[in-house]
Amino acid sequence: MKESRERVLPRESDAWFEAHLEKLRNDKRWMELPGIERATTPDETVFFDDLSDVEQFNDRFIESRVGQGGKVSLTKLFVGIWLGWVLGSIMVLAEGRVSIDAFFIVSCSILTLFVWGCFRYGYPTPIRFNRQAQLVHIVLVPSFKVVSLPWREVKPFICFQRDLWGSYNLELLFPYRQTVGKKTRNFPFRIQGGFCSSDWSLAYSAAMRFEFIRLYMEKGLGAIPISEEARRIGTLTRPSGHVRK
């Protein structure tokens, strides 16, 4: 991931951003977390993450690559469904209900659409928390433009998603100004702050992950309290979007 060279524009007023945050505060699905000026979790908080990959975790930046594992898991799910559909269709073909030509056209169309979508929109973009520059870098798809956001302006929230299991997503919101021609458009820029699939299981685990990021951006990698017992017995887990067993 390339570092952004984008210049951060000065802001005249962020009253519009505060109004947007107030709407979230009044929404029962959203819960605001303490800002970066104070700890989110108690001092005795410990983490069980394997931070040995220096390409992902170092003194200059840390990267959330949770999207990579998530897309791999989604791909496996789709391939499983597609293979099940193919096997079922073969059984129907054996009974003579569907022509081979129709089966071939539909199967190739579905597979082509999936592959095109993966290449066009499925690029797993990491989110980089740059401690040295105090910026957060994110790659937009499909344009692949890198946007840099000032870390000090982050407003952390937890958003509850009512899906099959229910999940608690760490959402990081920033005020953002986009210049289009001679006009400037203000809007809240929202990114997910999860590093691991387990971050979504509880509101507490989502809050813990924000504390993980906050500690790093304020004090560095050495300030993150990693469990020495888990390190000793070898049970630390590398953060990813893969579903844990």
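Residues numbered from 1 in each chain as written. Predicted model: local features only at pLDDT ≥ 70, side-chain atom pairs only at ≥ 80, totals over all residues. Heavy atoms only, no water.

**A few points about the overall build of the protein chain**
- A count of helical and extended segments in the protein chain gives 5 helices and 8 strands.
- Listed by position from the N terminus, the elements making up the protein chain come as α-β-β-α-α-β-β-β-β-β-β-α-α.
- Evaluated residue by residue, the protein chain yields a buried proportion of 38% over its 245 residues.
- For the protein chain, contacts bridging at least 24 residues in sequence account for 64% of all contacts bridging at least 6.
- Here the protein chain has roughly 14900 Å² of accessible surface; of this, 59% comes from carbon and sulfur atoms. (Helix = DSSP H or I, 4+ residues; strand = E, 2+ residues; numbered from the N terminus. Buried < 20%, exposed > 50% of the residue type's maximum accessible area, 1.4 Å probe, protein only. Contact = heavy atoms within 4.5 Å. Areas by Shrake-Rupley, 256 points an atom, 1.4 Å probe, with all protein chains shown as cover.)

**Some remarks on the pairing of strand S8 (residues 183-192)**
- Summarising the sheet, strand S7 (residues 167-180) and S8 pair through 10 bridges and their orientation is antiparallel. Paired with Leu 173 across the two strands is Arg 190, which belongs to S8. (Pairing = 2+ DSSP bridges.)

**Examining the side chain of Arg 214**
- Looking at the element boundaries, Arg 214 is found in helix H4 (residues 203-219).
- Residue Arg 214 is classed as buried on the basis of its relative accessible area, which comes to 7%.
- A polar side-chain atom of Arg 214 sits 2.9 Å from a polar atom in the side chain of Glu 211.
- In terms of polar contacts, Arg 214 uses its side chain to reach the side chain of Glu 218, at 2.6 Å.
- In this structure Arg 214 touches Gly 35, Ile 36, Arg 38, Ala 39, Thr 40 and Trp 151, once residues within four positions along its chain are discounted. (Polar contact = N/O pair within 3.5 Å; in protein donor to acceptor, adjacent residues only side chain to side chain.)

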